[in-house]
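# Structural characterization, general
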Amino acid sequence: MSMENNQSRTVYDDDIVKKFIYAALIWGAAAFAVGLLAATQLAYWQANFNLEWLTFSRIRPLHTNAAIFAFGGNAIFAGIYHSSQRLLKTRLYSDSLSSIHFWGWQLIILAALITLPLGFSQSKEYAELEWPIDIAITVIWVIFAINFFGTIAVRRVKHLYVALWFYIATILTVAVLHVVNSIEIPVSYLQSYPVYAGVQDALVQWWYGHNAVAFFLTTPFLGLMYYYIPKAANRPIYSYRLSIVHFWSLVFIYIWAGPHHLLNSALPDWAQTLGMVFSIMLWAPSWGGMINGLLTLRGAWHKVRTDPIIKFLAVAVTFYGMSTFEGPLLSIKSVNSLAHYTDWIIGHVHGGTLGWNGFLTFGMIYYLVPKLWNTKLYSQRLANNHFWIGFFGILIYYISMWASGITQGLMWQSIDANGQLAYPDFVETVIKIVPLYYARAIGGSLFLIGFILMLINMWKTISLAPKGQDEQQVDMSNITMDEVAGTGHRKLESLGAVFTVLVFIAILVGSIIEIVPTLAIHKYLPDANKVRPYTPLEQAGRDIYVKEGCYTCHSQMIRKLDFDVIRYGEASKLEESMYDRPFQWGSKRTGPDLARVGGKYPDMWHYRHMIDPREITPKSIMPAYPWLDNKKLDYQILRRKLSVMKRLGVPYDDETVANADIIAEKESLELFNALLEQDPSLENIKDTQIIALISYLQSLGKK
Amino acid sequence: MKQSALSYFQYPEMVLVPLILFFVFFMLLLFFITRPKNRELFKKMEKMPLEEEETNNESIE
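Residues numbered from 1 in each chain as written. Chains lettered and ligands numbered in written order. Predicted model: local features only at pLDDT ≥ 70, side-chain atom pairs only at ≥ 80, totals over all residues. Heavy atoms only, no water.

### Here we look at the overall build of chain A
Under the convention used in this document: Secondary structure elements follow DSSP: runs of H or I of four or more residues count as helices, runs of E of two or more count as strands, with numbering from the N terminus. Taken over C-alpha atoms, the radius of gyration is set against a globule rule of 2.2 Å times the number of residues to the power 0.38. When accessible area is computed with a 1.4 Å probe and restricted to protein chains, residues below 20% of their type maximum are described as buried, those above 50% as exposed, and intermediate ones as partly exposed. Contact definition: two residues touch when any of their heavy atoms are within 4.5 Å. For the area figures, the Shrake-Rupley method with a 1.4 Å probe applies, and any residue is considered shielded solely by the protein chains shown. Within this scheme the basic residues Lys and Arg register as positive and the acidic residues Asp and Glu register as negative, but His and the chain ends are omitted. Working definition for charges: the position is that of NZ of Lys, CZ of Arg, CG of Asp or CD of Glu.
From N to C terminus, chain A includes 26 helices and 4 strands. Taking 703 residues into account, the globule formula puts the C-alpha radius of gyration at 27 Å, and chain A, at 26 Å, falls close to it. Counting only C-alpha atoms, chain A reaches 85 × 50 × 50 Å along its principal axes. Across the 703 residues that make up chain A, the buried fraction comes to 65%. Within chain A, contacts between residues separated by at least 24 positions form 83% of all contacts whose residues are at least 6 apart in sequence. Only carbon and sulfur atoms are counted for the fraction: they give 64% of the accessible area of chain A, which is about 24200 Å². Within chain A, one finds 57 positive and 53 negative side-chain charges whose respective centroids are separated by 11 Å.

### A few points about the domain arrangement of chain A
Residue and element names in this part refer to chain A. To be explicit about the condition: By convention here, the domain bounds are inherited from an automatic or database domain assignment. Once two parts are brought into contact, the accessible area they lose, counted with a 1.4 Å probe and summed over both, makes up the buried area. Think of a salt bridge as a Lys or Arg side-chain nitrogen and an Asp or Glu carboxyl oxygen that are within 4 Å of each other. Residues adjacent in sequence count toward polar contacts only when both atoms are side-chain atoms; beyond that, a polar contact is any pair of N or O atoms within 3.5 Å, and within protein one must be able to donate a hydrogen and the other to accept it. Residue classes follow a fixed rule: Ala, Val, Leu, Ile, Met, Phe, Trp, Tyr, Cys and Pro count as nonpolar, while Asp, Glu, Lys and Arg count as charged, and any other residue, Gly among them, counts as polar.
According to the domain assignment, chain A contains domain 1 (9-476 + 488-511) and domain 2 (536-699). Every contact between the two is made by 68 residues of domain 1 and, on the other side, 55 residues of domain 2. Carbon and sulfur atoms supply 63% of the area buried between domain 1 and domain 2, which totals about 5100 Å² over both sides. If you sort the residues of domain 1 by the area they bury against domain 2, Trp45, Tyr193 and Tyr341 come out on top, with a joint share of 16%. At the junction of domain 1 with domain 2, the criterion picks out 4 salt bridges. Among the ionic pairs, lysine 588 bridges to aspartate 343, the shortest N-O distance being 3.4 Å. On inspection of domain 1 and its partner domain 2, the count reaches 25 residue pairs in polar contact (both at pLDDT 80 or more). If one sorts the elements of the side of domain 1 that touches domain 2 by residue count, helix H6 (residues 198-216) sits on top with 6 residues. For the side of domain 1 that touches domain 2, the per-class residue count stands at 36 nonpolar, 22 polar and 10 charged.

### Describing the nonpolar core
Residues and elements named next belong to chain A. For clarity, the threshold we go by: Take the buried residues of types Ala, Val, Leu, Ile, Met, Phe, Trp, Tyr and Cys, join any two whose side-chain atoms come within 4.5 Å, and each joined set is a nonpolar core.
By size, the foremost hydrophobic cluster in this structure holds 185 residues, and its most contacted members are Trp105, Tyr161, Trp356, Phe359 and Phe362. Ranked by the residues each element gives to this core, the list is headed by helix H2 (residues 56-88), at 16 residues. Viewed by domain, this core spans two of them, domain 1 (9-476 + 488-511) and domain 2 (536-699), each represented by three or more residues. In terms of nonpolar packing, the next biggest core, distinct from the first, is built from 47 residues, Ile185, Ala540, Tyr607 and Met622 among them.

### Some thoughts on the environment of Trp103(A)
Mapped onto the elements of the fold, Trp103(A) is located in helix H3 (residues 95-115). For the pair Trp103(A) and Ile140(A), spaced 37 residues apart in sequence, the C-alpha separation works out to 9.3 Å.

### Some points on the packing of H2(A) against helix H7 (residues 219-233) of chain A
Residues and elements named next belong to chain A. Applied cut-off: Here the axes come from fitting lines to C-alpha atoms, over the contacting stretch only for helices, and the angles between their N-to-C directions go from 0 to 180 degrees. The scheme is simple: roughly parallel for angles under 35 degrees, roughly antiparallel for over 145, roughly perpendicular for 65 to 115, oblique for anything else. The crossing is said to be left-handed when, going from far helix to near helix, the turn is anticlockwise and less than a right angle, and right-handed when the turn is clockwise.
Close contact between H2 and H7 brings their axes to 10 Å; oriented N to C, the two are set at 45 degrees. Taken together, H2 and H7 sit at an angle that is classed as oblique. The handedness of the crossing between H2 and H7 is left-handed. Residues Gly72, Ile76, Gly79, Ile80, His82, Ser83, Arg86 and Leu87 of H2 form the contact with H7, whose own contacting residues are Pro220, Phe221, Leu224, Tyr227 and Tyr228. Partitioning the contact of H2 with H7 into residue classes produces 8 nonpolar, 4 polar and 1 charged.

### Examining the pairing of strand S3 (residues 191-194) of chain A
Residues and elements named next belong to chain A. How we decide: A pair of strands is treated as paired once DSSP finds two or more bridges between them.
Residue alternation in S3 divides its side chains into two sets, Gln191 and Tyr193 and Ser192 and Pro194, and both sets are buried. Two strands pair when backbone bridges link them, and strand S2 (residues 184-188) and S3 are joined in this way by 4 bridges, in the antiparallel orientation. The partner of glutamate 184 across the bridge, within S3, is proline 194. Here S2 folds back onto S3 in antiparallel fashion, the turn holding 2 residues.

### Quick look at H7(A)
Residue and element names in this part refer to chain A. Going by this rule: Helix span is expected to be 1.5 Å times the residue number reduced by one. Values of bend correspond, residue by residue, to the angle between axes fitted over the seven residues ending at that residue and the seven starting there.
The end-to-end C-alpha distance of H7 is 21 Å, a good match for the 21 Å that 15 residues give at a rise of 1.5 Å each. Considering bend angle alone, the principal kink of H7 is centred on methionine 225 and spans about 25 degrees. Taken across its 15 residues, H7 has 15 buried, putting it largely inside the fold. Just downstream of H7, asparagine 234 is the residue with a positive phi angle, here 55 degrees.

### Re a nonpolar patch on the surface
Going by this rule: The patches described consist of residues with a relative accessible area above 30% and no salt bridge, like charges being joined within 9 Å and nonpolar side chains (Val, Leu, Ile, Met, Phe, Trp, Tyr) within 5 Å.
Together, Leu16(B), Ile20(B), Phe23(B), Val24(B), Met27(B) and Leu28(B) give the surface a local cluster of nonpolar side chains, amounting to about 610 Å² of exposed area. In this structure, Leu16(B) sits in helix H2 (residues 16-34).

### Examining unusual backbone geometry
Residues and elements named next belong to chain A. Geometrically, the link from arginine 581 to proline 582 is a cis peptide bond, its omega value of -10 degrees lying close to zero. Not every positive phi belongs to a glycine, and tyrosine 126 is a case in point at roughly 65 degrees. Topologically, tyrosine 126 is positioned in the loop between H3 and helix H4 (131-153). Tyrosine 126 sits in the buried class, given a relative accessible area of 13%. Phi at aspartate 687 takes a positive value of approximately 65 degrees, unusual for a residue other than glycine. Residue position: aspartate 687 is located in the loop between helix H25 (660-678) and helix H26 (689-699). Judged by its relative accessible area of 17%, aspartate 687 falls in the buried class.

### Regarding H25(A)
Residues and elements named next belong to chain A. Short version of the rule: The arc in question is the one spanned by the directions pointing from the helix axis to the C-beta atoms.
Taking 1.5 Å of rise per residue, the 19 residues of H25 would be expected to cover 27 Å, and the 28 Å separating its terminal C-alpha atoms lies within 8% of that figure. Those residues of H25 that fall on the buried side of the exposure criterion are Ala660, Asp661, Ala664, Glu667, Ser668, Leu671, Phe672 and Leu675. All buried residues of H25 lie within an arc of 135 degrees about the axis, which places them on one face of the element. Facing away from the buried side of H25, by more than 90 degrees, are the exposed residues Lys666, Glu670 and Glu677. If you follow the buried residues of H25, they end up packed against helix H19 (536-548), helix H21 (603-611), helix H23 (637-647), helix H24 (654-658) and H26.

### What to know about the pattern of salt bridges
All names here are of chain A. Taken as a whole, this structure holds 23 salt bridges over all chains when the rule is applied. For the salt bridge of arginine 559 with aspartate 564, the shortest nitrogen-to-oxygen distance reads 3.1 Å. Note on aspartate 564: relative accessible area 2%, which makes it buried. As a salt-bridge pair, lysine 686 and aspartate 687 come within 3.5 Å of each other at their nearest N and O atoms. By relative accessible area, lysine 686 is classed as partly exposed at 34%. In this structure, a network of salt bridges that share partners links the residues Glu52, Arg58, Glu548 and Lys631.

This is the structure in structure tokens:
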């Protein structure tokens with residue numbers, strides 16, 4: 001514990017807050033720049049410069065992880081550490097833990113920055129990082145939790161302000177989500193298979209994925225909102241009562257909403273309905289929070305015109321309201337049948353992240369930097385320019401993605417008078433929206449330009465701040481533990497613990513009821529319905545599909561919707577993905593669904609398509625994957641992979657596991673010879689990764 | 001029998017369980033926040049972020 005605390009005064013640890021702010025600014029620039037590169041590639045596929053580690057399917061997870069965990073993570077750590085010390089009237093529990101937390105988190109981000117572009121990915125959205133990094137995240141998160149709860153334990157005031165409740169919910173729930181979703185068995189230093197398969201993996205992943213949005217991008221930011229809006233507006237929060245209802249309803253309801261990512265899929269209907277009902281119920285607590293945030297500005301609305309901090313905060317809360325209106329709307333099955341897999345979802349997500357998380361962070365940093373460095377903001381004008389450029393950037397982004405998503409969704413659904421698809425060729429629906437991808441890239445550019453103005457403003461503000469300032473001691477002589485009558489120290493200490501347990505119960509109820517029945521579902525599938533496991537070569541190809549991030553653009557889930565069935569074939573069934581670790585149902589169709597692509601085209605078609613998609617489909621926006629036909633396949637590791645799969649319940653016999661490499665080599669040779677017969681120039685592709693990938697693609701829907 | 005019953009696991013009543021749980025929970029919350037004896041505490045808590053004051057939002061440009 002820090003020696004900086006004593007009975008009458010304390011020195012807050014603001015150095016750690018400053019470090020996290022620096023990190024948020026640096027990683028924010030990286031996250032936005034990578035996002036812009038990814039967006040540009042969708043408009044202009046050549047923008048990957050034919051480099052595998054710059055290709056959309058590799059950098060898309062890098063962008064999401066950097067934006068959520070690097071920019072967002074460092075921002076919330078800065079805000080939580082700054083506000084908690086002031087709300088608890090004490091220095092952080094341990095300077096050493098703070099430092100380990102900071103450097104540990106930066107190393108994790110660095111590891112993500114290296115491994116994701118190299119293709120080391122689990123392909124589970126926002127949980128792509130491989131097992132060693134997963135362990136590191138757990139350790140650093142526990143350190144953060146000890147530091148935070150330790151600070152609560154040594155606090156000088158009895159009551160925990162509402163912002164702290166949101167921080168507690170964040171720390172606790174993110175730990176549960178991360179640990180449960182990351183249970184995996186390693187097959188090498190940088191690859192693992194999840195213990196869940198198919199529908200189980202889908203449900204656990206989207207329980208995690210949706211609640212990563214809830215408990216990493218919503219609850220901590222709501223905590224920051226409840227602290228920084230009153231501070232910036234110099235007004236008490238509108239209603240403490242409302243905040244109580246808002247907090248508990250949100251925490252209780254949010255955890256159930258994950259299945260709305262799997263509507264109309266093979267997930268059992270009861271789970272889909274549960275996800276939909278609770279998503280719609282989320283409207284009320286979410287808007288309770290928005291109303292509380294905006295009405296806190298009552299009497300201070302004039303500042304919206306003049307004060308860029310209030311501008312950022314007010315617009316952030318407004319975007320929160322818009323996103324939390326749109327989210328439940330998209331969770332209604334009929335609306336979802338139009339919007340799912342389209343850019344509407346991308347627009348919705350970015351309304352939340354750029355508008356809510358981004359602008360709230362900017363407002364908080366503009367508020368904090370002058371205070372922490374004991375100076376004044378270098379330029380209000382630059383901050384105002386940042387606001388307007390960023391705001392129009394978000395609008396262009398949002399509107400273009402709405403238009404793109406609705407256009408493409410309607411085209412997919414469109415049936416002509418003969419009962420046939422009006423746009424049977426998928427690429428027709430892509431060509432139509434490419435201009436909107438350019439518009440999106442312009443919106444993203446504006447957001448990044450605004451952020452660069454902020455970096456300049458922050459750099460000037462900090463560099464002009466007085467140097468060599470000592471940390472200021474804060475007088476605590478008026479602070480007592482018993483401001484409210486009838487309270488004792490022991491009761492105060494137990495309040496935080498009881499509160500934490502209650503939050504834990506609230507999130508656990510939903511999680512257990514939703515997930516546990518699904519975990520047993522494969523056991524009760526009739527034997528006749530069960531599919532065969534992947535052959536060794538198909539499994540090897542599947543791992544390449546995962547490594548290359550094909551799921552970022554292709555789904556493998558034909559929904560129970562007429563227009564999906566007409567386009568792709570019979571709706572996907574649970575048993576078809578029962579050995580899929582990780583599941584590859586996907587969440588976006590920039591390209592067509594692949595669940596039944598097996599046998600639809602010849603092997604040579606797939607080869608040519610992967611090497612140059614334009615040779616097969618002239619207007620395709622898919623990147624080329626030329627490196628796949630010169631990288632050799634590692635046969636040896638297949639024994640280990642199949643052995644792990646067998647341990648997880650896949651019915652491989654001992655002979656197949658023991659000879660996995662030999663079987664795969666034989667399969668590969670057969671496929672290679674068939675290709676060579678058609679094109680003798682392909683003599684160099686023997687034993688390459690592209691052969692395994694073709695083998696996997698040809699197995700889809702054919703098992 | 002068990003296998004055929006569970007092979008396509010459909011529990012429509014599962015939706016009701018959490019709804020009832022939430023309703024009870026919500027009623028308890030309403031009871032707590034409307035108790036007159038908590039009014040003083042809520043007033044105090046609303047102002048908590050403002051207890052230590054520092055205002056420095058101007059520009060030096």
